[in-house]
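Report on the structure
Chain by chain, the residues:
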Amino acid sequence: MNQCISIFYITVIVFVTEYTNALENGLVRTPPMGWLSWERFRCNTDCKNDPDNCISERLFQVMADLLITEGYAAAGYEYVNVDDCWLEKHRSPSGQLIADRSRFPSGMRALSDYIHSKGLKFGIYEDYGNYTCAGYPGIIGHQYEDARLFADWKVDYVKLDGCYAFPHEMEKGYSEFQDILNKTGRPMVFSCSWPVYQIYAGIRPNYTSIKENCNLWRNYDDVQDSWVSVESIIDYYGNNQDLIAPNSGPGHWNDPDMDLYENVDYGILYPSTKIKVKVNPSGVVMLKAEVYVDAKYPNSYKYVFSL
Ligand SMILES: *[C@@H]1O[C@H](CO)[C@@H](O)[C@H](O)[C@H]1NC(C)=O
Ligand SMILES: *[C@@H]1O[C@H](CO)[C@@H](O)[C@H](O)[C@H]1NC(C)=O
Ligand SMILES: *[C@@H]1O[C@H](CO)[C@@H](O)[C@H](O)[C@H]1NC(C)=O
């Protein structure tokens, strides 16, 4: 009798696992690949003294150009993603988000058009909280307007961070925002930071709900510019693979953060053999994850992809 019950349970579990819903917005059938500004350029807003390295429309135009000329686009790196620090510190009097006027003088729609004109896709950053991690306005209280604005700007990818927000509210909040994004009618990849903030807060993330609402999600720490950091991320995924791996599949991916390719200026060059073996590109298969590059100049794809 007990045995029958056990078998019944196993059958049910298998059934549930196979037929669990996942977010279906038609996007990211394979893990998204692109370039993201954070690891290398952080929140450098000093365009006066450091015009080549500050978060500005010029930086993203240059990177879009380089993705093409250096061969990355041909290898599948199609997203150009803006991270934190692109905003004015305050919304407009009517409550609209405004890109920093001096660093993005042409505005986000123009940057989006530029990136699309290259055949690439445009990603943007916001935060499910009162502020972004660097202290710019978050989306709370403005979810509908902000999603509409992103759709008007022809954004292809929204990364929603989780600073200045309550982790226990994230399951509800991120799910609601997914629905709001969906209702704009513009397909946008939805990148969630919800599990990592819950894990930090001691809450066990509901991965069933996460994969119903997110195209990808961060489980663990930001990658930093050191091999120790890269290794700690690999270790986290290795040690928690039973929990993490089953959630991944077409349209819904784990996100171990960016790959750092020969970030020579910052010192990640040395264990390149290890990186090649563990992170690129076999790591993609191993982690079933996205691949985001962040290097000063994305000029090493031939090296990386010659494996
Ligand atoms: C966000 O701001 C609201 C309104 O001031 C406040 O009630 C809430 O506690 C804030 N949230 C966080 C996470 O600090
Ligand atoms: C909205 O959700 C429906 C149902 O999952 C899906 O078929 C559709 O592609 C989504 N639309 C957008 C714009 O994401
Ligand atoms: C996790 O989310 C799923 C889908 O939304 C829901 O059916 C389930 O009850 C949730 N589990 C827990 C433990 O909250």
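Residues numbered from 1 in each chain as written. Chains lettered and ligands numbered in written order. Predicted model: local features only at pLDDT ≥ 70, side-chain atom pairs only at ≥ 80, totals over all residues.

1. What to know about the site of ligand 1
- The environment of ligand 1 is made up of Gly129, Asn130, Tyr164, Ala165 and Phe166.
- The residue makeup of the shell around ligand 1, split by class, is 3 nonpolar, 2 polar and no charged. (Near = placed C-beta within 6 Å. Nonpolar A, V, L, I, M, F, W, Y, C, P; charged D, E, K, R; others polar.)

2. Observations regarding the confidence of the model for the protein chain
- Mean pLDDT over the protein chain: 81, with 77% of residues reaching 70 or higher.
- Within the model, pLDDT remains below 50 along residues 1-19, and this stretch shows 0 contacts once partners closer than five positions in the same chain are excluded. (pLDDT = per-residue confidence, 0-100. Contact = placed C-beta atoms within 7 Å.)

3. Here's the deal with the packing of helix α5 (residues 143-152) against helix α6 (residues 170-183)
- Between α5 and α6, the shortest axis-to-axis distance is 9 Å and the interhelical angle comes to 45°. Relative to α6, α5 is oriented oblique. Here α5 runs over α6; the crossing is right-handed. Every residue of α6 that contacts α5 at Gln143, Tyr144 and Ala147 is listed here: Glu176, Phe177, Ile180 and Leu181.
- Tallied by class, residues from the contact of α5 with α6 come to 5 nonpolar, 1 polar and 1 charged. (Axes fitted to C-alpha atoms, helices over the stretch in contact; angles between N-to-C directions. Helix = DSSP H or I, 4+ residues; strand = E, 2+ residues; numbered from the N terminus. Parallel < 35°, antiparallel > 145°, perpendicular 65-115°, else oblique. Left-handed = near helix turned anticlockwise from the far one by under 90°.)

4. Observations concerning the site of ligand 3
- All residues in the neighbourhood of ligand 3 are listed as Asn206, Thr208, Ser209 and Glu212.
- Split by residue class, the shell around ligand 3 holds no nonpolar, 3 polar and 1 charged.

5. A word on the packing of helix α3 (residues 57-69) against helix α4 (residues 108-117)
- Contact geometry of α3 with α4 gives a least axis separation of 10 Å together with a crossing angle of 10°. Here α4 runs roughly parallel to α3, going by the angle between their axes. The residues of α4 that touch α3, namely those facing Glu57, Phe60, Gln61 and Ala64, are Leu111, Tyr114 and Ile115.
- For the contact of α3 with α4, the residue count by class is 5 nonpolar, 1 polar and 1 charged.

6. Some remarks on the pairing of strand β3 (residues 121-127)
- Burial runs high along β3: 7 of the 7 residues are buried.
- Along β3, one buried face is formed by Lys121, Gly123, Tyr125 and Asp127 and the opposite face, lined by Phe122, Ile124 and Glu126, is buried too.
- Bridge analysis of strand β2 (residues 79-81) against β3 gives 3 bridges, and the strand direction is parallel. Considered in β3, the bridge of Asn81 is made with Gly123.
- The parallel pair β3 and strand β4 (residues 157-161), bridged by α5, forms a crossover whose chirality is right-handed. (Buried ≥ 20, exposed ≤ 12 C-beta atoms within 10 Å, placed from the backbone. Pairing = 2+ DSSP bridges. Right-handed = clockwise from strand over helix to strand, strands pointing away.)

7. Overview of the pairing of strand β5 (residues 189-192)
- Residues Val189 and Ser191 of β5 are buried on one face, and the alternating residues Phe190 and Cys192, pointing to the opposite face, are buried as well.
- Pairing analysis gives 4 bridges linking β4 to β5, with the strands arranged parallel. If you follow Leu160 over to β5, its bridge partner there is Cys192.
- In this fold, β4 hands off to α6, which returns the chain to β5; that crossover is right-handed.
- Alignment of β5 against strand β6 (residues 216-218), held across 2 bridges, turns out to be parallel.

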